[in-house]
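# Examining the three-dimensional arrangement
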Amino acid sequence: MAYAFVASVGAIGDGTNVTTGSMDTTGATILVVGAWDYSVSAAGVVTDSKSNTWTKLTKKDGVAGNVSRVTLWYAKNPTVGSGHTFTQTAGGFPSIVAMSFSGADTTSPFDVENGYNVPSLATLQTGSVTPNQANSLVVFAVNGWTAEPTSVDGTYTLSYHNAYGPGTQFAGGGGYDIQTTATATNPTITADASYPDSAAVIAVFKPLAAASLEWYMAFV
């Protein structure tokens, strides 16, 4: 079964917490949140308005003083529907993007992940990942500190990005690609200025297998 994008929403916080506006996630079988905040503070926790269980992937810190932090979270086989909001509680100067997709493996969707950081560069890559299956979903998120991500190369979609706000939020963003053939990928994210201490993460999620799809459709 091929992945399909359902909806996304992003938000900047108040310096401590952040909650998105609502979106309709009806039909989604996986939710992915990218969260970027201040690594000196305690890590925040992602929740949502439909009380799903969230799994945190490996965070990535920046290089110079470990100021920037970016993390991906996901919820498999989630409860979905209209009026769906997403929150990161605590953490420092947080922003988040929530993305929803249909077509995920509902039992064990996570495949592989990677991350990369730079002290100062005009562009930023996430680090390479190679999906183990065709028709996989690839999701990335970046903490640009003061540099706002504005575009991403290849067939990726930049779902959300925000500017730097002193005392309230780091600049950052997140997006995705839906592959047809399993291909190594290492997207380049360009910002409106040279990246200072910045970091990016990327993760691959497996599609629902054909046999699993037949079983799933028999019970929905």
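Before reading further, recall that the structure is shown in the block above.
## Details of unusual backbone geometry
If you check the backbone angles, Ser51 has positive phi at about 60 degrees while not being a glycine. Note on placement: Ser51 falls in the loop between β4 (45-48) and β5 (55-56). The phi dihedral of Phe93 falls on the positive side, at around 55 degrees, and the residue is not glycine. Along the polypeptide, Phe93 turns up in strand β9 (residues 92-102).

## Here's the deal with the sheet that holds strand β15 (residues 171-178)
The strand order β10-β17-β12-β15-β14 describes an open sheet built from five strands, whose pairing is antiparallel. Two strands lie at the open edges of the sheet, namely β10 (110-118) and β14 (157-162), each paired on one side alone. Strand-to-strand twist in this sheet, taken as the mean axis angle between neighbours without regard to direction, amounts to 10 degrees.

## Description of the sheet that holds strand β11 (residues 121-125)
The three strands lie next to each other as β11-β16-β13, forming an open sheet whose pairing is antiparallel. Unpaired on one side and paired on the other, β11 and β13 (149-152) mark the two borders of the sheet. This sheet shows a mean twist of 30 degrees between the axes of neighbouring strands, independent of strand direction. Bridging between β11 and strand β16 (residues 188-195) involves four bridges; their strand directions are antiparallel. Opposite Gln125, over in β16, you have Thr188 as the bridge partner.

## Side note on the side chain of Thr185
Assignment of secondary structure puts Thr185 in the loop between β15 and β16. At 2.7 Å, the side chain of Thr185 and the side chain of Tyr156 are in polar contact. If we skip the residues at most four places from it in the chain, Thr185 touches Gly127, Ser128, Val129, Val138, Tyr156 and Gln179.

## Regarding the nonpolar core
One finds Ile30, Leu72, Phe101, Leu137, Val139 and Phe205 to be the most contacted residues of the largest nonpolar core, which totals 23 residues. Put simply, the parts of the chain that give this core at least two residues each are β3 (30-38), β7 (68-76), β9, β12 (137-145) and β17 (198-205). Once residues lying within four places of it in the same chain are set aside, the contact partners of Leu72 are Val32, Val33, Gly34, Thr55, Lys56, Leu57, Val139, Phe140, Ala141, Val201, Ile202 and Ala203.

## Some details on the pattern of salt bridges
Side chains that differ in charge, positive against negative, can pair when their charged atoms come close. As enumerated under the stated definition, the model contains two salt bridges in all. Note that Asp37 and Arg69 form a salt bridge whose closest N and O atoms lie 2.7 Å from each other. Taken together, the positions of Asp37 in strand β3 and Arg69 in strand β7 put the pair 32 residues apart, joining distant regions of the chain. Residue classification places Arg69 among the buried residues on the basis of a relative accessible area of 7%. A salt bridge links Asp61 to Lys59, with the nearest nitrogen and oxygen atoms 2.5 Å apart. Looking at Lys59, the relative accessible area reads 38%, which means it is partly exposed.

Here is what the cut-offs are and how they apply
Residues numbered from 1 in each chain as written. Predicted model: local features only at pLDDT ≥ 70, side-chain atom pairs only at ≥ 80, totals over all residues. Heavy atoms only, no water. Helix = DSSP H or I, 4+ residues; strand = E, 2+ residues; numbered from the N terminus. Pairing = 2+ DSSP bridges. Axes fitted to C-alpha atoms, helices over the stretch in contact; angles between N-to-C directions. Polar contact = N/O pair within 3.5 Å; in protein donor to acceptor, adjacent residues only side chain to side chain. Contact = heavy atoms within 4.5 Å. Core = buried A, V, L, I, M, F, W, Y, C linked by side-chain atoms within 4.5 Å. Buried < 20%, exposed > 50% of the residue type's maximum accessible area, 1.4 Å probe, protein only. Salt bridge = Lys/Arg side-chain N within 4 Å of Asp/Glu carboxyl O.

Purely spatial values, then, with no claim about function.
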